[in-house]
Amino acid sequence: MNQPASAYFLVNRSDEPETHTLSVLVDNEPGVLARVIGLFSGRGYNIESLTVSETEHETHLSRITIVTMGAPMVIEQIKNQLARLVPVHKVVDLTTSGAAIERELAMVKVRGKGDQRVEALRLADAFRARVIDATTESFVFEITGKGDKIDQFVALMQPLGLVEVARTGVAALNRGPEGM
Amino acid sequence: MTREMTGAEMVIQALIDQGVEDIFGYPGGAILPIYDEIYQQDNIRHILVRHEQGAGHAAEGYARSTGKVGVALVTSGPGATNMVTALTDALLDSIPVVCLTGQVPTHLIGNDAFQECDTVGITRQCTKHNWLVRSVDDLPRILHEAFYVAKTGRPGPVVVDIPKDVQFATGTYVGPKNIQHKTYRPRVKAETASVKAAVELMSKARKPIFYTGGGVINSGPEASHLLRELVRLTGFPITSTLMGLGAYPASDKQWLGMLGMHGTYESNLAMHDCDVMVCIGARFDDRITGRLDAFAPNSQKIHVDIDPSSINKNVQVDIPIVGDVAYVLEDMIRLWRSSAAQPDKAAIAAWWQQIDKWRARKCLAYTPRRDAIMPQYAIQRLYEMTKGKDVFITTEVGQHQMWAAQFFGFEEPNRWMTSGGLGTMGYGLPSAVGVQVAHPDSLVIDIAGDASVMMTIQEMSTAVQHDLPIKIFILNNQYMGMVRQWQQLLHGNRLSHSYMEALPDFVKLADALGCHGILCDHPDKLDDAIAEMTEVKKPVLFDCRVVNLANCFPMIPSGRAHNDMLLPDEATDEEIESAIGEDGKIMV
Ligand SMILES: Cc1ncc(C[n+]2csc(CCOP(=O)(O)OP(=O)(O)O)c2C)c(N)n1
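Residues numbered from 1 in each chain as written. Chains lettered and ligands numbered in written order. Predicted model: local features only at pLDDT ≥ 70, side-chain atom pairs only at ≥ 80, totals over all residues. Heavy atoms only, no water.

Caption draft 1: Here's a closer look at the pattern of salt bridges. Enumeration over the complete set of coordinates arrives at 34 salt bridges over all chains. Here Arg287 of chain B ties to Asp286 of chain B by a salt bridge, and the two come within 3.3 Å at their closest N and O atoms. Since its relative accessible area comes to 31%, Arg287 of chain B is described here as partly exposed. The partly exposed category is assigned to Asp286 of chain B, whose relative accessible area is 22%. Counted as one network, the salt bridges with shared partners bring together Glu76, Lys79 and Asp93 of chain A. (Salt bridge = Lys/Arg side-chain N within 4 Å of Asp/Glu carboxyl O. Buried < 20%, exposed > 50% of the residue type's maximum accessible area, 1.4 Å probe, protein only.)

Now the structure itself:
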């Protein structure tokens, strides 16, 4: 059957979806996060990760880092839609503006005894995860790195008594001397 | 200017400083301090409406017909929620509106206080921006920013939510001159390189077309003026969206009529076959493009828009130009004049010949009746009998709206007020109220449907109270005609709940409301009845009884392409029944 093409079928375009990391500089005012999130939910865009914190206290600016996925035309839309929100100062696509550095922090709680406990510690060491809490039958590890490194670590902890994980989401900056 | 005053006084002072003369509103507990200030001054006229939605649409009509910002004032809770439809309407049609809402005092916010609602939360997605004012010190800045944001760049509605304690509190007022918005500075001047590229592409065109929209109107009268100049200079044909009617004169020979779902045959076919499309202040919305994969397949596209997010949203274009229409047109004209390259005259002439063939198809023709009023005929007569007068037209939503767009010719911008993006039934009557407030001596007509008019009919009382002689010209077909047409097209003519049972006697209703009522049910009496309507110095409800089952054509049934239109003389019952395939059915 011939698919009718209309505005309603944009998602069916053949363009391959891409993952992009966007850095958004906003006024830290009430409701600004709701505006950004409302934009994504209202227009059906994906949020893979979102982090936000005030980064420039004197000027009350916050930086929101969003990892999103979509066809190139949709990514372009997302950037333009973000840029037109009134409290948004700047939107930078770190994925297209050169190699960006991305980091995420996770806390990983593992419960176990005996060999499992030893194995967990050994793997943590290999991943440069730190022990930040310990009892006779548990550890909480702190691990920093790219998202896939954390995924991998969490997967390895699974059979060793993984209890729960808390992740911060992605923070990202451009390499080199220039700011956004 | 800085001065100590209460928050409520600041509101009035800010309105005065912003040049506001008229506001539309409805009082309630949380906004009373501002109403008390309104009572004690003469600078600003307050128009009391009968429902807050009416205040919103009236502000829209006021804004659209003047180019100024429309202002609405309502109370917290239900007052604010009643505004949501009007705000959404203004957002989709890019109409500058400042809506001030009362809010419960700050210490009660979040407590489910009486008439509390999360106004900024509810209106966040249906405004361009909104603010909750937490301290009287922020109030003057926010009020001036609100006007700035509403009218700058792509215009839109904004909400300022003012808790009652902030209205009572005293602080220092600051005038608009001392306020600069921190971030919001939309680009108005386009990059010269892109305008150059556009002009170059236009000069090579063999089958060009201008496709213009509401952005030309929003850009101001100068933009319409420049558009006319450019269109004449180039000799290209021009069509427009529903929202853009009037920017180019309908009587001109280069005008092809409206395009899109109920647009003319010639404009849609010219769009389909063009090689260069110059889109100015329009947004490739689904009513316009029809089937996207068959949309102007052999064309290169130029898109001028002040909002970068409108560009490449639905349709990928070749030359995007971000800027204010008037500025861009000015540059285009200058470059066109100084450019050596000129289009191939023979090619353009051949293009016009082709267009004239499409025109000869007379796509708007209908079979006249001697015993009953055809809705198209009613609009034609209304147009002919008001030609040359100082007329403003508003509409409701439905078939009558499309017939008005097809048969009423607009020569100037800001004369046509209609709900395009949201398609809000009930828009036209209160919008006419707003237009009449701004233009007290003009003839303001709402072309209405019998179903739509019932949605905001109570605003006739507003018109009576404020001596606003608006004319409500109801094309009464006893049906929600457009719904009935779609049920015929899509649902085997099963007319589920689209018949208007128990319509009121509009003449008696007019009488009860203190307006003038007219009923006309015969084509021979129509001219006299219209003359009566235009001469009466009161608000009028005109019950124009038209044939009940007329359909609105031409039509591009959803899911079809521009060159696949349903024309009136081909639209047999079978053709109508099968017009929309399985694929098209899910679309609206
Ligand atoms: C508020 C609202 N509710 C529902 C609709 C859906 N709708 C679109 S047109 C229409 C019928 C309009 O009937 P009428 O006003 O009589 O105009 P006609 O089509 O008969 O000219 C309806 C119900 C709408 N556009 N707006």
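That covers the picture; the talk isn't over yet.
Caption draft 2: Broad picture of the site of the ligand. Residue and element names in this part refer to chain B. As a matter of local geometry, the ligand sits amid 17 residues, with Gln399, His400, Gly423, Ser452 and Gly481 nearest to it. Here an oxygen atom of the ligand and a backbone polar atom of Ala451 are 3.0 Å apart. In this structure, Ser452 approaches the ligand through a side-chain N or O atom, which is 2.6 Å from an oxygen atom. Here the ligand loses 76% of its free accessible area of 580 Å² to cover by the protein chains. Contributing elements (two or more residues each) for the shell around the ligand: helix H17 (399-407), helix H19 (450-453) and helix H21 (481-490). (Near = heavy atom within 4 Å. Polar contact = N/O pair within 3.5 Å; in protein donor to acceptor, adjacent residues only side chain to side chain. Areas by Shrake-Rupley, 256 points an atom, 1.4 Å probe, with all protein chains shown as cover. Helix = DSSP H or I, 4+ residues; strand = E, 2+ residues; numbered from the N terminus.)

Caption draft 3: Just the confidence of the model for chain A, in detail. This prediction gives chain A a mean pLDDT of 91; 92% of its residues lie at or above 70. Within the model, pLDDT remains below 50 along residues 1-12 of chain A, and this stretch shows 29 contacts once partners closer than five positions in the same chain are excluded. (pLDDT = per-residue confidence, 0-100. Contact = heavy atoms within 4.5 Å.)

Caption draft 4: Looking closely at the sheet that holds strand E1 (residues 18-27) of chain A. Residue and element names in this part refer to chain A. On the basis of which strands lie adjacent, the open sheet formed by 4 strands has the order E2-E3-E1-E4 and antiparallel pairing. Since the sheet does not close on itself, it has two edges, and those belong to strand E2 (49-56) and strand E4 (88-93), each with one partner. Strand-to-strand twist in this sheet, taken as the mean axis angle between neighbours without regard to direction, amounts to 20°. When E1 meets strand E3 (residues 61-70), the two strands line up antiparallel, connected through 10 bridges. Bridging from a neighbouring strand, Thr19 pairs with Met69 of E3. Contacting E1, E2 and E3, helix H1 (residues 32-42) crosses the sheet at an angle of about 10° to E3. (Pairing = 2+ DSSP bridges. Axes fitted to C-alpha atoms, helices over the stretch in contact; angles between N-to-C directions.)

Caption draft 5: Quick look at the pairing of E3 of chain A. All names here are of chain A. Across the 10 residues that make up E3, a large majority, 8, are buried. Here E2 pairs with E3 via 7 bridges, running antiparallel. Each bridged residue has a counterpart across the sheet, and for Thr51 the counterpart in E3 is Thr65.

Caption draft 6: Seen up close, the packing of helix H11 (residues 221-234) of chain B against helix H14 (residues 325-338) of chain B. All names here are of chain B. Running from N to C, H11 and H14 point in directions that differ by 30°, and their axes come no closer than 9 Å. Here H14 runs roughly parallel to H11, going by the angle between their axes. By crossing handedness, the relation of H11 to H14 is classed as left-handed. On H14, the residues that touch Ala223, Leu226, Leu227, Glu229, Leu230, Leu233 and Thr234 of H11 are Val325, Ala326, Leu329, Glu330, Met332, Ile333, Trp336 and Arg337. (Parallel < 35°, antiparallel > 145°, perpendicular 65-115°, else oblique. Left-handed = near helix turned anticlockwise from the far one by under 90°.)

Caption draft 7: Representation of H17 of chain B in the model. Of all 9 residues in H17 of chain B, 9 are buried; the element is thus mostly enclosed. Along H17 of chain B, the positions that sit buried rather than exposed are Gln399, His400, Gln401, Met402, Trp403, Ala404, Ala405, Gln406 and Phe407 of chain B.

Caption draft 8: Structural view of the domain arrangement of chain A. Residue and element names in this part refer to chain A. Per the domain assignment, the segments of chain A are domain 1 (8-97) and domain 2 (101-173). With centres defined by C-alpha atoms, the gap from domain 1 to domain 2 works out at 29 Å. Taken together, the contact pairs 8 residues of domain 1 with 7 residues of domain 2. Where domain 1 packs against domain 2, one counts 0 salt bridges. (Domains from an automatic or database assignment.)

Caption draft 9: Representation of unusual backbone geometry within the structure. In this structure, Pro554 of chain B follows Phe553 of chain B across a cis peptide bond, with omega equal to -5°. Among the secondary structure elements, Pro554 of chain B is positioned in the loop between strand E20 (540-545) and helix H24 (573-577). Phi angles above zero are rare outside glycine, and His60 of chain A is one such case at about 55°. Of note, Ser94 of chain B is a non-glycine position whose phi angle comes to about 55°, a positive value. Secondary-structure assignment places Ser94 of chain B in the loop between helix H5 (84-92) and strand E5 (97-103).

Caption draft 10: Representation of the sheet that holds strand E12 (residues 276-280) of chain B. Residues and elements named next belong to chain B. Taken in spatial order, the 6 strands of this open sheet run E11-E10-E9-E12-E13-E14, and their pairing is parallel. Each having just a single partner strand, strand E11 (255-258) and strand E14 (319-322) make up the two edges of the open sheet. Put simply, the sheet's adjacent strands are angled 15° from each other on average, direction ignored. Each of strand E9 (208-212), strand E10 (238-240) and E12 is contacted by H11, which is oriented at about 170° to E9, the strand it contacts most. Running at roughly 105° to E11, helix H12 (residues 265-273) makes contact with E9, E10, E11 and E12 of the sheet.

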